[in-house]
Amino acid sequence: MHLLPIFEVAGSVVTALKQCPQVLLHAPTGAGKSTALPLYLLQQNIFDGKIILLEPRRIAAKSIAYRLASQLNEEVGKTVGYRMRAESKVSQQTRLEVITEGVLTRMLQQDPELTGVSLVILDEFHERSLQADLALALLLDVQSGLRDDLRLLVMSATLDNQKLTSLLPDAPMISSEGRSYPVSRHYYPIQSHLPFEQEVATMARRLLTQETGSLLVFLPGSAEIIRVAQLLADKVDKHTLIFPLYGALSLAQQQQAIEPVEKGYRKVVLATNIAETSLTIEGIRLVLDSTIEKRAQFDLKSGVTSLLRQRISQASQTQRAGRAGRLEAGICWHLISQEQAERGATHQVPEILSSDLSSLWLSILQWGCRDINQLSWLDTPTPAAINAAKTLLQRLGAIDNQGGLTSRGVRMAQWGIDPRLAAILDYASEKSEHHLATAARLCAILEQPPRDREINLEWLIQQKNHQWSQREKQLLQQCKGQCRPELLASLLSVGFADRIAKNRDNQGRFRLANGQGAMMDNTQPMSQSPWILAPLLLQNAHYADVRILLALPIDINEVSSIFPELIQDNTTVEWDEKRGTLLAWQQRQLGQLTVSQMPLDKPNKAQMQTALLNWLRKQGLSALPLSEESKQLFIRLALAQKWCPEANLPVLNEAVLLDSLELWLQPELGDTQSLKALLQMDINGIIKNQLTWHEQQLLQELFPTHYIAPTGTKVMIRYDLDNPPIIAIRIQEVYGEKQSPIVAKGQLPVVMELLSPAMRPIQKTQDLATFWAGSYTQVQKEMKGRYPKHLWPDSPATTAPTRRVKKWS
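The structure presented is a predicted model; accordingly, all values stated were derived computationally and were not measured.

Calculation criteria
Residues numbered from 1 in each chain as written. Predicted model: local features only at pLDDT ≥ 70, side-chain atom pairs only at ≥ 80, totals over all residues. Heavy atoms only, no water. Phe/Tyr/Trp six-rings, centres within 6.5 Å; stacked < 30°, edge-to-face > 60°. Buried < 20%, exposed > 50% of the residue type's maximum accessible area, 1.4 Å probe, protein only. Lys NZ or Arg CZ within 6 Å of the ring centre and 35° of its normal. Axes fitted to C-alpha atoms, helices over the stretch in contact; angles between N-to-C directions. Helix = DSSP H or I, 4+ residues; strand = E, 2+ residues; numbered from the N terminus. Parallel < 35°, antiparallel > 145°, perpendicular 65-115°, else oblique. Left-handed = near helix turned anticlockwise from the far one by under 90°. Contact = heavy atoms within 4.5 Å. Nonpolar A, V, L, I, M, F, W, Y, C, P; charged D, E, K, R; others polar. Pairing = 2+ DSSP bridges. Polar contact = N/O pair within 3.5 Å; in protein donor to acceptor, adjacent residues only side chain to side chain.

Novice: Help me understand the packing of aromatic side chains, please; the structure alone is not making it clear to me.
Specialist: Remark: the centre distance and the inter-plane angle together describe each pair of aromatic rings, the angle taken between the planes. Inspection of the entire model under this criterion finds 9 aromatic pairs. Taking 6.0 Å as the distance between ring centres and 85 degrees as the angle between the ring planes, the aromatic pair formed by Phe771 and Tyr776 counts as edge-to-face. Overall, the relative accessible area of 3% leaves Phe771 in the buried class. Judged by its relative accessible area of 1%, Tyr776 is buried. Between the aromatic rings of Trp772 and Tyr776, the centroid separation amounts to 5.5 Å while the plane-to-plane angle is 80 degrees, which identifies the pairing as edge-to-face. Taken as a pair, Trp772 and Tyr776 share a single burial class, namely buried. Grouped by ring-pair contacts, the aromatic residues Tyr735, Phe771, Trp772 and Tyr776 constitute a single cluster. The ring centre of Phe196 lies 4.7 Å from the NZ or CZ of Arg309, which sits over that ring.

Novice: Teacher, can you tell me more about the packing of helix H15 (residues 419–431) against helix H16 (residues 433–447) here?
Specialist: Each pair of packed helices gets described by two things: the angle between the helix axes and the distance between those axes. Between H15 and H16, the shortest axis-to-axis distance is 8 Å and the interhelical angle comes to 165 degrees. Between H15 and H16, the crossing angle belongs to the class labelled roughly antiparallel. In the crossing of H15 with H16, the sense of the turn from one axis to the other is left-handed. Together, Leu421, Ile424, Leu425, Tyr427, Ala428, Ser429 and Lys431 of H15 and His435, Leu436, Ala439, Ala440, Leu442, Cys443, Leu446 and Glu447 of H16 make up the contact between the two elements. Classifying every residue of the contact of H15 with H16 by side-chain character gives 11 nonpolar, 2 polar and 2 charged.

Novice: What exactly am I supposed to notice about the sheet that holds strand E27 (residues 726–730) here?
Specialist: Pairing between the strands of a sheet is mediated by backbone hydrogen bonds and can be parallel or antiparallel. Read from one edge to the other, the open sheet built from 3 strands follows the order E27-E30-E31, with strand pairing classed as mixed. Of all the strands in the sheet, the pair left with one neighbour each is E27 and strand E31 (761–765). This sheet shows a mean twist of 20 degrees between the axes of neighbouring strands, independent of strand direction. Where E27 meets strand E30 (residues 751–755), 5 bridges bridge the pair, whose relative direction is parallel. Of the residues in E30, the one forming a bridge with Ile727 is Met752.

Novice: Any chance you could explain the side chain of Gln587 here in plain terms?
Specialist: Within the secondary structure, Gln587 sits in strand E23 (residues 581–590). Classification of Gln587 by relative accessible area gives buried; the value is 10%. A polar atom in the side chain of Gln587 sits 2.4 Å from the side chain of Gln597. Apart from the residues within four sequence positions on either side, Gln587 is in contact with Gln568, Asp569, Asn570, Thr572, Thr594, Ser596 and Gln597.

Novice: Is there a simple way to think about the sheet that holds strand E3 (residues 80–84) in this case?
Specialist: In space, the 8 strands of this open sheet follow the order E4-E3-E5-E2-E6-E7-E1-E8, with mixed pairing throughout. Of all the strands in the sheet, just strand E4 (87–89) and strand E8 (173–175) have a single pairing partner and so form its edges. Ignoring strand direction, the axes of neighbouring strands in this sheet form an average angle of 20 degrees. Bridge count between strand E1 (residues 22–26) and E8: 3 bridges; the pairing is parallel. From the neighbouring strand, Leu24 faces E8, where its bridge partner is Met173. In the packing of helix H5 (residues 130–145) onto the sheet, the strands contacted are E1, strand E2 (50–55), strand E6 (117–122) and strand E7 (151–156), and the crossing angle to E7 comes to about 155 degrees.

These figures capture arrangement, not role.
Written as structure tokens, this is what we have:
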């Protein structure tokens, strides 16, 4: 063990930890940073308290704990233990605890001082998981305010040195060599027009035929793993065993994939990027890298997380290849051209920049922060992502209008689970033991949904499945209640009201309460249900509608009676083409879905005006007689934001006006109650008056509506968001002008479209002086012949302008 490369720098790590609060360790694959260094640090007796080793994945945490304990000839749970969601083995003797990232966050929230802990090691930090970034931010906060004696060791195979050293400028960087045998890397692009899994299986068989040893195949996800396993099953000999390895498998199933096989056998492990780091898969000499992965990408607009298939980063390619050189010289085939491989991103995008941040924000509020910048981040989350998280948490009742945690939010944070599921559990715990028992099983299913085609939650929740039982028991908290399927609709409505959906066509197409389209296979019996609730959705890059993965048929009247706050009563209006009039309706709305409606025979003025505004919001401002002047006003104000932001002119456009109809249009309606009367109003004047007199004058000064020619002719300036402003004027009227007009305080020249006497374009220029001195000569020659009665002077820059034909003697 002491031959591992990590021991060449272990002494330096100890010295650095004695002197510095944070230490960075760069140790490539095979160095022993996870399986040897933690024990070495423990045996140096430099810390009075525990050492916490943080691992990004459950299988890695458990595997490393067993390996560390075996080196001490002890059982796990004595000196070395592990702790993860739903499973732990620790005791009073435990001094080195291997834990998963979410566990550390909960430990910090319960005891911010981390009493009894001297060192926290963040392993495989280059993976930049959301929980690892949060853990680092919280630990740095603890060090700065509560525990200046707490030590932090950040270690990884491929550290992002620039960001880490910028965040931790005083932390020493220690580098270790890796212990790996040479790996011969080859690049074989596969045929894109052939089925992906078939091509991978073909290459796997070829590599197995040509080389000895066990094979690790990297694939994007479980669906591809299952299909490749089926393709290989009948094509390999009886001494080759096939094992899947992905996150949704039980720990026991994952363990089978990483354990050695009997002598005389070799194995093929079909894995996602779970096998890139941390895990040592026994016997691997060959790696087949599909170079494709699935990454979660949260869509702020739909609120749905999609799994995007994408090329892996160059760092991941290196990590994958390194799996082949752990025990002997190995071979890696990358299924991509070398040119494509070298054009890939250097590192993957951190989860904190691409994930749903509702859980993160709940943790931050629980920590006592209201501003994201109160903590130190390697990558600060975007304001849009934080706002989306706040919106969801407010809808769940976790935060109040001021952004602080409510009593429900405090309880939700203590569950240590996705906020939507925490809201369900909190609601259930206050209702009855039957509610809690049902919620526990529901949350266990939603955390680890089945991989088959069954999408009906009502059927699933009645099945006995060991896959969920352990998690269900943990969430039950000694509850004696019984699981009751009839409670599902109310429980799901607490966490997923925005995913209540209404049938659109009885062909599997639905519309969610947030307006997003959703779909399921039309062979599903549920495709005929009038209303469903779909808690599990998947965004598909090839379709506008999201795919429904799990759903429950619901009685919308039952849901609305239990949660009347979900329903809004609105008066809406629609145009009846046959009658040529507006019809008003009293509607009950759930988000953007109509639950029920009835006509209003005699709506009052307020109802009719509200209906008119709703109709206008739906139709858009184009339904009104909007003048060209108003359209130009919007463009001029947008240009003012771009070119003259210091003027502080207001933003005014169709979207802004539609969002604020009640503020600017409703006060002007007076007795208006019909569409005809609305269309006869001076809408353009009302819009113009949204600017004060001073703002109108300032805008006119910066972006005038007209150009006054030397002859006194008033010519409209046409503005455009993407092109320079332009005027069209007869060339004779600008004789004597030395330069083109310029707007925006001299920053934006106006294009002059010079016209012939017949008002036809003859030249465009933004530099009139250059035109007079240059190409005007050619224009003069041509125009003299065509319009001999008009003035075509040799020196237009010094000639007086005119509207007339020249005088003949």
